[in-house]
Amino acid sequence: MSGGSYSYVYCRVEEECVNRMYDSQLNEMMKDLVDVLHDLEWWQSCDSSEERYRDTVRKFKKKWFKQTKIDVQKQIESEFEKTKDELMKEFKYLNDDE
């Protein structure tokens, strides 16, 4: 067994959650999430590629999130604003007249 960088959390999620959600859609989603967690752990443990992980994430999001391009653009803009606000706080000292 490879992995280990996340303490094999994908195995625990699979054992504890897959087919135990009392809902067929949630069971399927948990199974798909296990695939994401597996590929994340294997990538971070240098047992597979980032490309494989990103592909698994892309498939998961496409299947489960159903976001539009506009939704994603709004999310990106919101994150830019948060980052901008944090940076402005961080560099506020530059406005001091000392």
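Provided above is the structure to which this section pertains.
Residues numbered from 1 in each chain as written. Predicted model: local features only at pLDDT ≥ 70, side-chain atom pairs only at ≥ 80, totals over all residues. Heavy atoms only, no water.

Draft legend 1. Representation of the nonpolar core. Of all hydrophobic cores here, the largest spans seven residues; its members are Tyr10, Cys11, Val13, Val18, Met30, Val34 and Leu37. For this core, the secondary-structure elements that each account for two or more residues are α1 (9-17) and α2 (24-44). Not counting chain neighbours up to four residues away, the residues in contact with Val34 comprise Tyr10, Val13, Glu14 and Val18. If you look at the next biggest cluster of nonpolar residues, it comprises six residues, including Leu40, Tyr53, Val57 and Phe60. (Core = buried A, V, L, I, M, F, W, Y, C linked by side-chain atoms within 4.5 Å. Buried < 20%, exposed > 50% of the residue type's maximum accessible area, 1.4 Å probe, protein only. Helix = DSSP H or I, 4+ residues; strand = E, 2+ residues; numbered from the N terminus. Contact = heavy atoms within 4.5 Å.)

Draft legend 2. Fine view of the environment of Glu79. Note on placement: Glu79 falls in helix α4 (residues 69-90). With a relative accessible area of 40%, Glu79 lands in the partly exposed category. C-alpha separation for the pair Glu79 and Val9, spaced 70 residues apart in sequence, amounts to 28 Å.

Draft legend 3. Fine view of the pattern of salt bridges. Evaluation of the coordinates by the stated rule reveals nine salt bridges. Among the ionic pairs, Asp55 bridges to Arg58, the shortest N-O distance being 2.6 Å. Taken together, the residues span about one helical turn, with Asp55 and Arg58 both in helix α3 (residues 50-64) at a distance of three residues. Judged by its relative accessible area of 45%, Arg58 is partly exposed. Salt-bridge contacts for Lys82 lead to Glu79; the nearest nitrogen and oxygen are separated by 3.3 Å. You can see Lys82 and its partner Glu79 sitting in helix α4, three residues apart, about one turn around the helix. (Salt bridge = Lys/Arg side-chain N within 4 Å of Asp/Glu carboxyl O.)

Draft legend 4. The arrangement of a nonpolar patch on the surface in detail. Judged by side-chain polarity, Leu87, Phe91, Tyr93 and Leu94 come together as a nonpolar surface patch covering roughly 420 Å² of accessible area. Tracing the chain through its elements places Phe91 in the segment after α4. (Patch = residues over 30% accessible without salt bridge, like charges linked within 9 Å, V, L, I, M, F, W, Y side chains within 5 Å. Areas by Shrake-Rupley, 256 points an atom, 1.4 Å probe, with all protein chains shown as cover.)

Read these as layout, nothing more, since geometry by itself doesn't imply function.
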